[in-house]
Amino acid sequence: MKNKRGQELLLMHIFYIIFIVFILVSLIYFTSNAAKGEGIKKRVGAKQIALLLDAAQPETIIILSSDIPIKKEDNQIIAGKENPFSYSFFSPFKINLVAEEKRIEISEKK
Amino acid sequence: MKNKKAVLGGETVMWIYRFLLIGIMLIGFIAVISNFYSVKYDTRPAESALLARRIINCISINSIVEIKAFNSDKVSECAGLGKEETNEIYIDALLNYSSSSRVAIGDFTLKALCGSKGEYVPSCLNQKYYLLLKQNGNLERAKLDLLIAIKKLEKNV
């Protein structure tokens, strides 16, 4: 004679274990994604560069070591390709961004 | 003899309790992680300090400011603000000497919000600089009250 009740209990426990494993995996994925999130890198990168440019004096060359693609449009620094983050800077000087070489050159006048 | 129905009901309640417990833990965990990693980096105080330094260094040489150099065109040129920036920034420079002279650039409504409490308010910097004013070849003492208000709420708050 089959123990129907035992089977039900076993199934419930298996379902419960699968459920917990699924939640744990999702949590680990969510945490690691948040920790090394591109969003934060882009945000921090763009703001750091903007602040550097705010403070930079003419005849300065800034070499970027970040692996995030950086662009410059007018007085905006744009970091990242997908969902880029832009941040504005102020500078009375001419700013030239050589994107391939990840180099920013600041020279005297606009 | 056991009451079968009661046992079944008790177990169901236990399962609900277990799932509820996991749910609460999950929500707590996600809340802590998102709160930790969604910290906003407010760079506006640093920006306003840099802007103030840039303006002062540009309009004065060795703390001597010429009255000719104290006008909105010169201050605007010194600040190097872009077109969009003028909606996000307000610069108010009041130079007090035997007379007084004022330069104001940007969105003046930001000034009214300086000193307000709350998260969604502009970041304001009030600085006083003691300078010498050169006018008609003569030097006189002057005080510059510089107010810089930066909005940029979306990207900082």
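Given the structure is predicted, the values throughout are model-derived calculations rather than measurements.

Regarding its fold elements, chain B presents six helices and six strands. The linear arrangement of helices and strands in chain B, starting from the amino end, is α-α-β-β-α-α-β-β-α-β-β-α. The C-alpha radius of gyration computed for chain B amounts to 29 Å, which surpasses the reference 15 Å derived for 157 residues by more than 25%, pointing to a less compact arrangement than a globule. Dimensions along the principal axes, computed over C-alpha positions, put chain B at roughly 110 × 25 × 25 Å. For chain B, restricting intrachain contacts to residue pairs at least 6 apart in sequence, the fraction spanning at least 24 positions comes to 60%.

In this structure, Ile55, Val75, Ile91, Ala93 and Ile148 of chain B are the most contacted members of the largest nonpolar core, which totals 26 residues. Among the secondary structure elements, those contributing two or more residues to this core are helix H2 (44-59), helix H3 (72-79), strand E3 (89-96), strand E4 (100-106), strand E5 (123-135) and strand E6 (138-150) of chain B. Among the elements that line this core, the one with the most residues is E6 of chain B, at six residues. When near neighbours in sequence (up to four residues on either side) are disregarded, Ala93 of chain B contacts Val75, Arg102, Val103, Leu144 and Leu146 of chain B. In this structure, Ala46, Leu53, Ala79 and Phe89 of chain A belong to the second largest nonpolar core, which totals nine residues.

Bringing the pairing of E6 of chain B into the picture now. Residue and element names in this part refer to chain B. Both E3 and E6 contribute to a ladder of eight bridges, which runs antiparallel. Bridged to Leu95 within E6 is Leu144. Bridge count for E5 against E6 is 13 bridges, and the pairing is antiparallel. When the bridges of E6 are listed, Leu132 appears paired with Arg141.

Further remarks concern the interface of chain B and chain A. Chain B puts 23 residues into the contact, and the matching count from chain A is 24 residues. Taken together, the elements giving at least two residues each to the side of chain B that touches chain A come down to helix H1 (4-37), H2 and H3 of chain B.

Our next topic: the environment of Val157 of chain B. Residues and elements named next belong to chain B. You can see Val157 is positioned in the segment after helix H6 (153-156). Between the C-alpha atom of Val157 and that of Ala52, which follows or precedes it by 105 residues, the distance is 22 Å. Not counting residues within four places of it along the chain, the set of residues in contact with Val157 comprises Lys40, Asp42, Glu119 and Tyr120.

With that out of the way, let us pick up unusual backbone geometry. Most peptide bonds take the trans form, and the phi angle of most residues other than glycine is negative. A positive phi angle, close to 50°, is found at Lys102 of chain A, a residue other than glycine. Of note, Lys102 of chain A is situated in the loop between strand E5 (94-98) and strand E6 (103-107). Here Lys102 of chain A falls in the partly exposed class, since 16 other C-beta atoms lie within 10 Å of it. In the Ramachandran plot, Asn136 of chain B falls in the positive-phi region, its phi being about 50° despite a non-glycine side chain. Residue classification places Asn136 of chain B among the exposed positions, given that 5 C-beta atoms sit within 10 Å.

On to the domain arrangement of chain B. In terms of domain boundaries, chain B breaks down into domain 1 (1-39) and domain 2 (44-156). Computed over C-alpha atoms only, the centres of domain 1 of chain B and domain 2 of chain B are separated by 57 Å.

With that out of the way, let us pick up the packing of H2 of chain B against H3 of chain B. Residues and elements named next belong to chain B. At a minimum axis distance of 9 Å, the contact between H2 and H3 shows a crossing angle of 125°. Taken as axis vectors, H2 and H3 run oblique relative to one another. Note on packing geometry: the crossing formed by H2 with H3 is right-handed. In this structure, H2 uses Leu51, Arg54, Ile55, Cys58 and Ile59 to contact H3, whose residues at the interface are Lys74, Val75, Cys78 and Ala79.

Turning our eyes to something else, we now look at the domain arrangement of chain A. It is common to report an interface's size as the accessible area lost on association of the parts. Along its sequence, chain A is organised into domain 1 (1-36) and domain 2 (38-107). One C-alpha centre belongs to domain 1 of chain A, the other to domain 2 of chain A; they are set 46 Å apart.

For an α-helix, 3.6 residues make a turn, and residues three or four places apart therefore share a direction. Over its 32 residues, helix H1 (residues 4-35) of chain A extends 46 Å from the first C-alpha to the last, a length consistent with the 46 Å expected when each residue adds 1.5 Å. Burial runs low along H1 of chain A: only zero of the 32 residues are buried.

Parameters at a glance
Along every chain, residues carry numbers that run from 1 in the direction the sequence is written. Here the convention is simple: chains get letters from A, ligands get numbers from 1, in the order in which they are written. Since the coordinates come from a predicted model, pLDDT governs what is reported: local features require at least 70, and pairs of side-chain atoms require 80 or more to be given and counted, while whole-chain, interface and lining totals use all residues. Per the convention used, a helix needs a DSSP run of H or I reaching at least four residues, while a strand needs a run of E reaching at least two, with both numbered from the N terminus. What the globule rule says is 2.2 Å times the number of residues to the power 0.38, and the radius of gyration is computed from C-alpha atoms. Contacts here follow a simple rule: the backbone-placed C-beta atoms of the two residues must lie within 7 Å. One nonpolar core equals one set of buried Ala, Val, Leu, Ile, Met, Phe, Trp, Tyr and Cys residues connected by C-beta atoms within 7 Å. As a rule, residues whose C-beta atom has 12 or fewer other C-beta atoms within 10 Å are exposed, those with 20 or more are buried, and those in between are partly exposed; C-beta atoms are placed from the backbone. Paired strands are those between which DSSP finds at least two bridges. For the domain bounds, the source is a domain assignment made automatically or taken from a database. Axis angles are defined between N-to-C directions and span 0 to 180 degrees, where every axis is a line fitted to C-alpha atoms and, for a helix, only to the segment in contact. Angles below 35 degrees are treated as roughly parallel, those above 145 as roughly antiparallel, those between 65 and 115 as roughly perpendicular, and all remaining angles as oblique. Should the near helix be turned anticlockwise from the far one by less than a right angle, the crossing is left-handed, and should it be turned clockwise, the crossing is right-handed. The span one expects for a helix is its residue count, reduced by one, times 1.5 Å.

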